[in-house]
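Letter by letter, the chains look like this.
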Amino acid sequence: MGEPNRAPYNNSMQLTALRAQLMLSVRPQGAHGTGRMTGTEYPVSFNPLPLDTRSLLIRQVVLDDARDLLVLSNEQMFRAWLPSQVYSDESHARSALEFLIGQYSTPANPRQGAYVLVIEHKADRTLIGHVGLSPIDDDVEIGFAIAQRYQGHGLAVEAIVAASRWAFETFGLDRILSITSSANIASKRALVRAEFAHQGDKVMRFQGTEQSVSVYALSALSGPEVGA
Ligand SMILES: CC(C)(COP(=O)(O)OP(=O)(O)OC[C@H]1O[C@@H](n2cnc3c(N)ncnc32)[C@H](O)[C@@H]1OP(=O)(O)O)[C@@H](O)C(=O)NCCC(=O)NCCS
């Protein structure tokens, strides 16, 4: 895998600045209100996407993303760490995307179904990754990936912070979990950088194999919306 490029920000002051910048720029653009789903009252932010952060546009998937996501899913690190999300060809990618696009309207709630967004790099409008929320037991889990050519520049952290804040605001979540292979150092460091707290390790079936995983959590109270 080689020596990683290192993120250009490496101290908490820079992270605080990044989060402050995200708090300003990830504000939902649309109307606000209160919604009710499965009997639970939760705040609703209508039409808040795309998320516009310092370097990224984070938006809903469209069918035309199939080719880019096919290429991305076959990169070495994606095959290593997300083997269940590798597409065999463009029609496989398109059918997966059709499913994900359908989830935006039904159930439109990551407590009940996947809500996956793609990440574009603002400078060149290239699709460089994805960040998604999905149900796990009674919780919601965040997953993410960045194209190898763009790794090591803090973009995963930027996407995780922005998507987490949006999810807290939009769906009224109490906390967001993330589960990653215990051997996936880059993923664990990105989560810590995004202020997820390590809850512990356990052995479970993950990405198709029984393996040790590390569980992280970000609570709404300690999450990126504090101070907004
Ligand atoms: C995990 C992943 C998203 C990180 O993306 P990234 O944009 O390079 O991450 P960032 O630049 O925001 O860096 C976040 C932290 O990870 C570290 N990091 C990034 N790549 C690394 C690597 N290959 N090895 C070790 N650490 C790495 C960075 O140094 C940084 O930590 P630090 O600030 O403490 O030094 C990326 O490696 C990836 O897409 N991997 C394949 C998919 C995957 O594993 N997804 C997670 C599944 S839950």
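Residues numbered from 1 in each chain as written. Predicted model: local features only at pLDDT ≥ 70, side-chain atom pairs only at ≥ 80, totals over all residues.

Draft legend 1. How the structure looks around the overall build of the chain. Within the chain, the secondary structure is distributed over 6 helices and 10 strands. Scored against the burial criterion, the 228 residues of the chain give a buried share of 35%. Put simply, of all contacts in the chain between residues at least 6 apart along the chain, 60% involve residues at least 24 apart. (Helix = DSSP H or I, 4+ residues; strand = E, 2+ residues; numbered from the N terminus. Buried ≥ 20, exposed ≤ 12 C-beta atoms within 10 Å, placed from the backbone. Contact = placed C-beta atoms within 7 Å.)

Draft legend 2. Quick peek at helix H6 (residues 185–193). Taken as a whole, H6 has its buried residues at Ser 187, Ala 190, Leu 191 and Arg 193. All buried residues of H6 lie within an arc of 160 degrees about the axis, which places them on one face of the element. Positive backbone phi, at 75 degrees, marks Glu 195, one or two positions downstream of H6. (Arc of directions from axis to C-beta.)

Draft legend 3. Highlighting the nonpolar core. Among the nonpolar cores identified, the biggest contains 49 residues, and Ile 58, Val 131, Ala 156, Ala 159, Ile 160, Ala 163 and Ala 167 are the most heavily contacted of them. When residues of this core are assigned to their parent elements, the largest contribution, 12 residues, is made by helix H5 (residues 155–171). What Ala 167 contacts, discounting residues up to four positions off in sequence, is Pro 110, Leu 133, Val 140, Leu 173 and Ile 176. (Core = buried A, V, L, I, M, F, W, Y, C linked by C-beta atoms within 7 Å.)

Draft legend 4. View of the environment of Tyr 150. Following the sequence through the fold, Tyr 150 ends up in the loop between strand E7 (139–146) and H5. For Tyr 150, a count of 18 C-beta atoms within 10 Å puts it in the partly exposed group. Along the chain, Tyr 150 and His 121 lie 29 residues apart, while their C-alpha atoms are 8.9 Å from each other. Setting aside residues no more than four positions away along its own chain, Tyr 150 makes contact with His 121, Ile 128 and Leu 155.

Limitation: the analysis is restricted to geometry and does not speak to function.
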